[in-house]
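Inside the fold
In case you want the letters, here they are:
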Amino acid sequence: DQQVKQNSPSLSVQEGRISILNCDYTNSMFDYFLWYKKYPAEGPTFLISISSIKDKNEDGRFTVFLNKSAKHLSLHIVPSQPGDSAVYFCAASVLGSSNTGKLIFGQGTTLQVKP
Amino acid sequence: EADIYQTPRYLVIGTGKKITLECSQTMGHDKMYWYQQDPGMELHLIHYSYGVNSTEKGDLSSESTVSRIRTEHFPLTLESARPSHTSQYLCASSGRAGDRGYEQYFGPGTRLTVT
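One structure accompanies this document, and this report is about it.

Parameters and conventions
- Residues numbered from 1 in each chain as written.
- Chains lettered and ligands numbered in written order.
- Predicted model: local features only at pLDDT ≥ 70, side-chain atom pairs only at ≥ 80, totals over all residues.
- Heavy atoms only, no water.
- Disulfide = S-S within 2.5 Å.
- Helix = DSSP H or I, 4+ residues; strand = E, 2+ residues; numbered from the N terminus.
- Buried < 20%, exposed > 50% of the residue type's maximum accessible area, 1.4 Å probe, protein only.
- Polar contact = N/O pair within 3.5 Å; in protein donor to acceptor, adjacent residues only side chain to side chain.
- Contact = heavy atoms within 4.5 Å.

Across all of its chains, the model carries two disulfides over all chains by this definition. Across a sulfur-sulfur distance of 2.1 Å, Cys23(A) and Cys90(A) are joined as a disulfide pair. One quick way to see it: the torsion about the S-S bond of Cys23(A) and Cys90(A) is about -75°, and its sign makes the bridge left-handed. Of this pair, Cys23(A) sits in strand 3 (residues 19–25) while Cys90(A) sits in strand 9 (residues 86–94), placing them 67 residues apart in sequence. Exposure class is identical for Cys23(A) and Cys90(A). Each is buried. Disulfide partner of Cys23(B): Cys91(B), at an S-S distance of 1.9 Å. Between Cys23(B) and Cys91(B), the disulfide has an S-S torsion of -75° and is therefore left-handed. Of the two residues, Cys23(B) is situated in strand 3 (residues 19–25) and Cys91(B) in strand 9 (residues 87–94); the sequence distance between them amounts to 68 residues.

Attention now goes to the side chain of His76(A). All names here are of chain A. Relative to the helices and strands, histidine 76 resides in strand 8 (residues 72–77). Overall, histidine 76 belongs to the buried group, its relative accessible area being 18%. A polar contact of 3.3 Å, which involves the side chain of histidine 76, links it to the side chain of serine 74. The residues contacting histidine 76, other than those within four sequence positions of it, are Ile18, Ser19, Ile20, Arg61, Phe62, Thr63 and Phe65.

What follows is the structure, given as structure tokens:
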């Protein structure tokens, strides 16, 4: 049973427009949600995170929104740039997992930003 | 700056060979992880360690083994490689949870092909 789901395998947007990447989860015990960005043949890099006690976190062009009642979060990129083209992974950690620091990842969404 | 290294970056090897994938980090992190990832799929945790001489199997069953004799070093070994082991292997580490949650730092990955 997949606890973190990214139902859109791919997304294509025009440069300068908004990119919205979505993530759904099933476990109400998740306490942090993180977004990672991955280029081909490289490891994922941290992008932005949000605590379950917040509903929004912003960092430059990137904003993450959390809707706990819907068990849904989204990553907004405004404005989108060609260099944002990559695979984006949503990840979550479980409350009380401080000993292990384990993360559960979604399947990823491939974003293509067209010039 | 996070420093975590993996070697080799690419490896093509024949069936039945023994291989060791190296992973080292210079951040003094106590927790380290190995993931397996195929295109379009989520990162599957195959091994983790929360300190020296502690290793645990992850959520995805794997025929590989790991060791953690030193804090900075977390190698993964396959005793007899098979074509089904063809995948990308990602190593990660994390320290204490901060305001970003349980952020994990990833190495560049090893792309393994077993012929």
